[in-house]
Amino acid sequence: QVQLVESGGGLVQPGGSLRLSCTASGTISSNAMGWYCQIPGKQRELVAVIGFGGGTNYTDSVKGRFTIPRENAKKVYLQMNSLKPEDTAVYYCYADRPARPRLWGQGTQVIVSS
């Protein structure tokens, strides 16, 4: 069974940068891939998405600070710059496939604190 494996989370000071990565463990024919974040007690929220054709969309709070480079059909990154304490959350990668359930990663914790 294909899984999404995330890495790159951690503790960073305000103003710093982190790069999250998400890789599929096997072959997937993904359309869109993206990232959600979740704070305890709140719903998961979309952060950024990239379509197979390269089109991107970002939530307003991260525009100009985050980018979502995509290496190929099975690997995507979240480049996080100028991090703020309010970016602290668990970040989940996902992949949408034709006629199949959405794939989710296990989540990676990002903490922005001095």
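Keep in mind it's a predicted model, so treat the numbers as computed, not measured.

Draft legend 1. Looking closely at unusual backbone geometry. Here serine 82, not a glycine, exhibits a phi torsion of approximately 50 degrees, which is positive. With respect to the secondary-structure elements, serine 82 resides in the loop between β9 (75-80) and β10 (89-97). Using a relative accessible area of 41% as the deciding quantity, one classes serine 82 as partly exposed. Here the phi dihedral of alanine 99 falls at roughly 60 degrees; this positive angle occurs in a residue that is not glycine. Under the relative-accessibility criterion, alanine 99 is labelled exposed at 88%.

Draft legend 2. Examining the state of the cysteines more closely. Taken as a whole and assessed by the stated rule, the structure comprises one disulfide. Disulfide pairing is shown between cysteine 22 and cysteine 93; the S-S distance is 1.9 Å. Note on the cysteine 22 and cysteine 93 pair: the S-S dihedral is about -75 degrees, so by sign convention the disulfide is left-handed. Of this pair, cysteine 22 sits in strand β3 (residues 18-24) while cysteine 93 sits in strand β10; the two residues are 71 residues apart in sequence, bridging distant segments of the chain. Assigned by exposure class, cysteine 22 and cysteine 93 land together as buried. As a non-bridged cysteine, cysteine 37 has cysteine 93 as the owner of its nearest cysteine sulfur, 14 Å distant.

Draft legend 3. Structural view of the packing of aromatic side chains. All told, the structure shown has three aromatic pairs when counted by the stated rule. Between tyrosine 36 and tyrosine 94, the aromatic rings sit 5.5 Å apart at their centres with planes inclined by 70 degrees, giving edge-to-face as the arrangement. Placement of the pair is tyrosine 36 in strand β4 (residues 33-38) and tyrosine 94 in strand β10, with a sequence separation of 58 residues. A ring pair is formed by tyrosine 36 and tryptophan 104, whose centres lie 5.3 Å apart and whose planes are at 70 degrees; its orientation type is edge-to-face. In this pair, tyrosine 36 is assigned in strand β4 and tryptophan 104 in strand β11 (residues 100-104), connecting sequence segments 68 residues apart. Residue tyrosine 36 is classed as buried on the basis of its relative accessible area, which comes to 16%.

Draft legend 4. Region of the structure containing the pairing of β3. With five of seven residues buried, β3 lies mostly within the body of the structure. Bridging between strand β1 (residues 4-7) and β3 involves four bridges; their strand directions are antiparallel. Across the sheet, the residue bridging to leucine 4 is alanine 24, located in β3. Sheet topology places β3 next to β9; six bridges connect them, and they run antiparallel. If you follow arginine 19 over to β9, its bridge partner there is glutamine 79.

Draft legend 5. Molecular detail of the layout of surface pockets. Roughly 260 Å³ of volume is contained in the largest pocket. Taken together, 18 residues make up the lining of the largest pocket; nearest its centre are Cys37, Ile39, Glu45, Ser61 and Glu86. Elements that contribute at least two residues to the lining of the largest pocket include exactly β4, β5 (45-50) and β10. No other element matches the three residues that β5 contributes to the lining of the largest pocket. Here the residues of the lining of the largest pocket are counted per class, giving seven nonpolar, five polar and six charged.

What counts as what
Residues numbered from 1 in each chain as written. Predicted model: local features only at pLDDT ≥ 70, side-chain atom pairs only at ≥ 80, totals over all residues. Heavy atoms only, no water. Helix = DSSP H or I, 4+ residues; strand = E, 2+ residues; numbered from the N terminus. Buried < 20%, exposed > 50% of the residue type's maximum accessible area, 1.4 Å probe, protein only. Disulfide = S-S within 2.5 Å. Phe/Tyr/Trp six-rings, centres within 6.5 Å; stacked < 30°, edge-to-face > 60°. Pairing = 2+ DSSP bridges. 1 Å grid on protein atoms, 1.4 Å probe; cavity = no way out; pocket = protein on both sides within 12 Å on 5 of 7 lines; lining within 4 Å. Points joined across faces, edges and corners; volume = space filled by probe spheres on them. Nonpolar A, V, L, I, M, F, W, Y, C, P; charged D, E, K, R; others polar.

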